[in-house]
Structure formats: structure tokens, C-alpha cells
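# Descriptive analysis of the structure
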Amino acid sequence: MSATAEQRSDAAQRSLGDTPVFSERLTAFLESYYAGEAPNAGRFCGHCYSPIARERAECPHCDRSVKERPPVGYVPDPVREMFRRMRGRESLIVNSFAYLGLALAVLIFIVAFAITFSLSGNVWLLALDTLLLFVLARVLAGLLGGWIGDELGHRYAQRKLVEEWQAFEAERA
Ligand SMILES: [Zn+2]
């Protein structure tokens, strides 16, 4: 990422404070929408699109009153697309790290196999190496994907989401 893009997203993050772009309720709603479990209908905040109950006069997520921003009956396409892209970026990074873990396991296996083969060539030791490959592949893919990949993917996707949200807001206003 270039320095200016970095600065821009930092500024975007600051202007939003600690409030995430998508509320927990909107995230839960969009997850069930994309799982085909819910239609795109309801009562949503006119500013942040968090689902809000009929009796509420202000949004519990962004605190804007319904007078200031009248609620809408569905989540607009650009917002749903933003959510989909955010999830796509997250899983791309998680999967890349998981594959890196697999590659690392294979590399360790090859080295261990070569050493075992040149030192003894004992077939049971070679079989043990193969077992090591399966265990390592699972552990390393889980560690790198689920731990580093998850953390980095989440941060990267959130940063891009904030940028996209700012652009969307500027266009909407
Ligand atoms: Zn709101």
C-alpha cells in the first residue's frame, strides 16, 4: 500500500472512532441473508443500516435519530457488496496463510525424509516421517491460517471496509 493510501485510511479510521462500520446486528443479519436464511427486508438505520426495532427513535449503533436519518426497509446493494468484499478479503488471507502452513509442512517433511533416507534408510523411520507430514500439515495450516491469517485478514479487511464506507458516504451525502 502506498504512503498516501495508508494516511487516507488512518484518517478514515480516526474519523470513525472505535465504532465499527457494520454493527454486530447488521453483521448477523447479512450473514443470514447470504446464507439464504433471511430476505433483505426489515427496518434499518438510514445511516449505518444496523437493524433497529420499530419502537426505537434512535439507532443503538450510531446514535442517529430516526428523524435525522429516516429508517430504510432494506440494506442497499453497495452496502451488501461492501460486506461481501470484506468477507472475501478475510477468507483470501486466511486461506493463503493456511496454504503457507501446508507448504511449510511439506518442506519440513522433504528435509526430514532426505536426512532419514541418507542416514539410515530404515523404512519405519521413513513411515514415521510421513506421519509427521500429516500432523504438521494440520497443525501448521491451523496455526498460520487460524491465528496469523485470521488476525491480519481481519485488520486488512476492516481497513479496506472503512475506506469503502467513506467513499460510499461521500457519494451518498
Ligand atoms: Zn445507525
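Residues numbered from 1 in each chain as written. Predicted model: local features only at pLDDT ≥ 70, side-chain atom pairs only at ≥ 80, totals over all residues.

### As for the nonpolar core
This is how the line gets drawn: To count as a nonpolar core, a set of buried Ala, Val, Leu, Ile, Met, Phe, Trp, Tyr and Cys residues must be joined through C-beta atoms within 7 Å. Here the C-beta atoms are placed from the backbone, and a residue counts as buried if at least 20 other C-beta atoms lie within 10 Å of its own, exposed if 12 or fewer do, and partly exposed otherwise. Per the convention used, a helix needs a DSSP run of H or I reaching at least four residues, while a strand needs a run of E reaching at least two, with both numbered from the N terminus. As annotated, the domain borders come from an automatic or database domain assignment. Think of it this way: build a C-beta for each residue from its backbone, and any pair within 7 Å is a contact.
One finds Cys 45, Tyr 49, Met 82, Phe 83 and Leu 161 to be the most contacted residues of the largest nonpolar core, which totals 19 residues. At the level of secondary structure, the elements contributing two or more residues to this core comprise helix H2 (24-34), helix H3 (77-119) and helix H4 (123-172). Ranked by residues supplied to this core, first place goes to H3 with four residues. Mapped onto the domain boundaries, this core takes at least three residues apiece from domain 1 (1-75) and domain 2 (77-173). Residues contacting Cys 45, with those up to four places away along its chain left out, are Ser 50, Ile 52, Cys 59, His 61, Cys 62, Arg 64, Arg 69 and Pro 71. Of all hydrophobic cores here, the second largest spans eight residues; its members include Ile 93, Val 94, Ala 105 and Ala 141.

### Concerning H2
Selection rule: To obtain the arc, one takes the directions from the helix axis to the C-beta atoms.
Where H2 is concerned, the buried positions are Leu 26, Phe 29 and Leu 30. Taken around the axis of H2, the buried residues stretch over an arc of 95 degrees, which confines them to a single face. Residues of H2 that are exposed and angled more than 90 degrees away from the buried face: Glu 24 and Ser 32. Next to the buried residues of H2 lie H3. One or two residues past the end of H2 sits Gly 36, with phi positive at roughly 80 degrees.

### Concerning unusual backbone geometry
Positioned with a positive phi, Tyr 49 is a non-glycine residue whose angle comes to about 65 degrees. For Tyr 49, a count of 27 C-beta atoms within 10 Å translates into the label buried. Despite not being glycine, Asp 63 shows a phi value in the positive range, around 65 degrees.

### Quick word on the environment of Arg 56
Tracing the sequence through the fold places Arg 56 in the loop between H2 and H3. For the pair Arg 56 and Val 66, spaced 10 residues apart in sequence, the C-alpha separation works out to 8.2 Å.

### Examining H3
Here is the rule: Expected helix span is given by 1.5 Å per residue-to-residue step, counting one fewer step than there are residues.
End to end, H3 covers 63 Å across 43 residues, agreeing with the expected 63 Å (1.5 Å per residue, within 8%). Among the residues making up H3, those that are buried are Val 79, Met 82, Phe 83, Met 86, Glu 90, Ile 93, Val 94, Phe 97, Ala 98, Gly 101 and Ala 105. Packed against the buried residues of H3 are H2 and H4.

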